[in-house]
Amino acid sequence: MEALLIPFLDATIRTATPLAYAALGELVTERSGVINIGMEGIIIAGCLGGLVAAGAGGAAMGFLGGALAGAGMAAIFAFFVLRLRADAIITGTALTLLGLGLTGTLYRGLFGLEGAALGTPSIAPIALPGLSSLPLVGPVFFTQTGMTYLLYLFVPALAWWLARTQAGLALRAVGESRAAALAAGLDVQRLRWGAILFGGAMGGLCGATLVLAQVGTFTEGMSAGRGFIAIAIVVLGRWRTVGTTLAALIFGGAFALQYLLQAAGWALPYHLFLALPYLLTLILLAALRGRAEAPAELASQESWSRA
Amino acid sequence: MFYSWVRRSGIGFINIGLLYLTACSGGERSGGRESAFQVALLTPGPISDQAWNATAYHGLERIRDSLGASISHIQTKTPAEFEENFRQYGTKGYDLVIGHGFEFQDAARRVGPQFPKTLFVTTGGEGTGPNVVALSFAFDEPSYLAGMAAAAITKTGVIGGIGGTELPPVKLGFEAFLAGARLVRPDIRLLVAYLGNWDDAGAGKEQALAQLNQKADVIYQNADAAGLGVFQAVRQAKGVWVIGSNADQNRLAPEVTLGSVLIDVPHAFLLLARQAQLRAVRGPTIHFGTASDVVRWVPNPLAPAPPAKVLAQMDSVRAVFAAGGRPVVTPR
């Protein structure tokens, strides 16, 4: 049993890590009352940014490059939506298409047809002394890459920041009622710019994690829908930090289970396995149906065009 | 002032502009004058995948270099795009338009009759008319030989196959892989998994790790760009092997690659283009098998060779294929 369980849980954490980065970034953006459905384009930009920067200055530089590339994409989104007051859904869609097309073109320009091959600098898992020798928990939670450990610190920090700090409160206020936030003297535009850029940097880190901590190479379109999954994760996590993190784990688990079931050689149509994560989302969303907890401003396109 | 103008004139234009930029980034044109022999290629994925799509683009380049053709390439994803681009190239009067994959078949059948002067070719599938032609590769023959090589080197008796989606040629490749393996080692077990796409290298790697955990020690990848993730998983593990497909992938990771199931697409494309230039293509389906040397099993010289007995067996099987024999497979 343990021979199956540990690789499964290990794969769960590994798969959930990049998803959690993107979802937490999207969470912060949405808490400010703006939905950025261009996360997919941001992630793929983070993948390429991470690859290029890592090639120039090593893996650590790669993560920085990924975050910057993601924030750069998010800046385009913020400019269109906040400054030019364009429709956020259309802008987000365009951002996704732009990201996928632009990274493909740049990748071929930079690396030619031979590609970056498999020699990308990457970070290896680190077994944390002491903790990693705990039974079950050790090999699952404490033999991961630094990006997973960073997340262990980041999640409580973000939860605290949103709940307890003045800036966090201001961000949530903007997301709940722009008018009230304005009346209270909050700089709505600035807060939203900040939230969108932060979301972009996190999406970029998701991409860099994929390239530098998980796969060790870049392929065009390798974001493969993770941006849209991140948006679903935020909904499933009910716009809460811990909830979103758990939802990312559930998705990671569903993907890991899918890999495991296919590898176990069951003679079922593979489409069933591939659909598993999405079926699970639908079931969970239906089961957890209750009081709507989305930031109120998300529903109000009008609020963006008057910001 | 500028912003209010933009707002009034409809920001949608700018967004559409972005979309257009993206849509165009995949296409490129090169080559000479309008009168030249014009050849277009549609690939279902990025030509930087070092596999199925890359080898097609090399084929297109070879047509340009050897025949002085004017070439164009575009990357397409959905069946609607297949048809639209076929139609575009037909309207522009291209002589030869290649849809690189089984999945282009339906679009070629629909568009072909409307542009009788253009030769529409799909790699894979069946041709249907004078200008709707298919190249059929006997992918199962080298896959069968790969299975024999895999069976000779596996210690656990478990081998794996990872595909992008379950296209008939991909599925047939895995079936032949198993049949070949069983010839050498009757008790062998094959794990087959599909990723659902051809781009997600992360999924490719995780799926390979899951198969390795199930004791597979040779994995045959046929997932294009996503297959690079399979290579990465095998490189991380110890004492396990990967088999490449479509292109010669032995150079990608020479230390862990057993060999490649090669389709010499550039060679096939050049043969096709020469005939097309002379208007001498004999369709509707052109078969390329072991006899034509377009499909072959390319062992990695750096990997251990199978025992002499298996090598001799492989030689005799190859001779049967070259003489027109076909692998016998049991559908899964």
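Residues numbered from 1 in each chain as written. Chains lettered and ligands numbered in written order. Predicted model: local features only at pLDDT ≥ 70, side-chain atom pairs only at ≥ 80, totals over all residues.

Attention shifts here to the overall build of chain B. Looking only at helices and strands, one finds 11 helices and 13 strands in chain B. For chain B, the proportion of its 332 residues judged to be buried stands at 58%. Relative to all contacts within chain B whose residues are 6 or more apart in sequence, the contacts with residues 24 or more apart total 69%. (Helix = DSSP H or I, 4+ residues; strand = E, 2+ residues; numbered from the N terminus. Buried ≥ 20, exposed ≤ 12 C-beta atoms within 10 Å, placed from the backbone. Contact = placed C-beta atoms within 7 Å.)

A tally of helices and strands in chain A yields 12 helices and 2 strands. Secondary structure elements of chain A, listed N to C terminal, follow the sequence α-α-α-β-α-β-α-α-α-α-α-α-α-α. For 307 residues, the compact-globule estimate of 2.2 N^0.38 gives 19 Å, and chain A sits close to it at 19 Å. Counting only C-alpha atoms and orienting by the principal axes, one finds that chain A spans roughly 60 × 50 × 45 Å. Within chain A, buried positions represent 52% of all 307 residues. Across chain A, every contact between residues at least 6 apart in sequence was considered, and the portion connecting residues at least 24 apart equals 77%. (Rg over C-alpha atoms; globule rule 2.2 N^0.38 Å.)

Looking now at the domain arrangement of chain B. Residue and element names in this part refer to chain B. Partitioning chain B into structural domains gives domain 1 (5-137 + 266-292) and domain 2 (140-261 + 302-327). On the side of domain 2, 18 residues touch domain 1, which itself brings 15 residues to the contact. Partitioned by chemical class, the residues of the side of domain 1 that touches domain 2 number 6 nonpolar, 7 polar and 2 charged. (Domains from an automatic or database assignment. Nonpolar A, V, L, I, M, F, W, Y, C, P; charged D, E, K, R; others polar.)

Looking now at the confidence of the model for chain B. Residues and elements named next belong to chain B. Per-residue pLDDT for chain B averages 88, and the proportion of residues at 70 or more is 89%. Taken as a whole, residues 1-34 scores under 50 in pLDDT and shows 42 contacts with residues more than four places along the chain or in a different chain. Listed scores for the predicted complex are pTM 0.88 and ipTM 0.91. (pLDDT = per-residue confidence, 0-100.)

Below, the discussion takes up the sheet that holds strand β9 (residues 218-222) of chain B. All names here are of chain B. The 6 strands are arranged β8-β7-β9-β10-β11-β13 in an open sheet whose pairing can be described as mixed. Whereas interior strands pair on both sides, the edge strands pair on one side only; in this sheet they are β8 (189-194) and β13 (295-299). When strand polarity is set aside, the average angle formed by the axes of neighbouring strands in this sheet is 15°. Its contacts with the sheet place helix α6 (residues 140-153) against β7 (158-163), β9, β10 (241-246), β11 (257-263) and β13, and it is angled at close to 170° to β11. (Pairing = 2+ DSSP bridges. Axes fitted to C-alpha atoms, helices over the stretch in contact; angles between N-to-C directions.)

Residues and elements named next belong to chain B. Taking 1.5 Å per residue, 15 residues should reach 21 Å; helix α11 (residues 308-322) reaches 21 Å between its end C-alpha atoms and fits that length. Within the span of α11, buried status applies to Met 314, Val 317 and Phe 321. Buried residues in α11, looked at end-on, bunch into an arc of 65°, giving them a common side. Along α11, the residues that are exposed and aim more than 90 degrees away from the buried face are Ala 308, Lys 309, Ala 312, Asp 315, Ser 316 and Ala 319. In this structure, the buried residues of α11 make contact with α6. Two residues or fewer after α11 comes Gly 324, characterised by a positive phi angle close to 105°. (Expected span 1.5 Å × (residues − 1). Arc of directions from axis to C-beta.)

Here we come to the pairing of β13(B). Residue and element names in this part refer to chain B. Of the two faces of β13, only one is covered, namely that formed by Val 295, Trp 297 and Pro 299; the face formed by Arg 296 and Val 298 stays uncovered. By the bridge criterion, 5 bridges tie β11 to β13 in an arrangement that is antiparallel. Within β13, the position partnered with Ser 260 by the bridge is Val 298.

What follows concerns helix α10 (residues 241-263) of chain A. A rise of 1.5 Å per residue sets the reference length of α10(A), with its 23 residues, at 33 Å; its end C-alpha atoms lie 33 Å apart and thus fit the reference within 8%. Of the residues trailing α10(A), Gly265(A) is marked for its positive phi of about 80°.

On to the confidence of the model for chain A, then. Caution is warranted with low-pLDDT regions, since their predicted coordinates should not be read in detail. With 96% of its residues at a pLDDT of 70 or more, chain A has an overall mean of 91. Element-level pLDDT for chain A is lowest in helix α12 (residues 301-305) of chain A, with a mean of 52, against a maximum mean of 97 in helix α8 (residues 188-215) of chain A.

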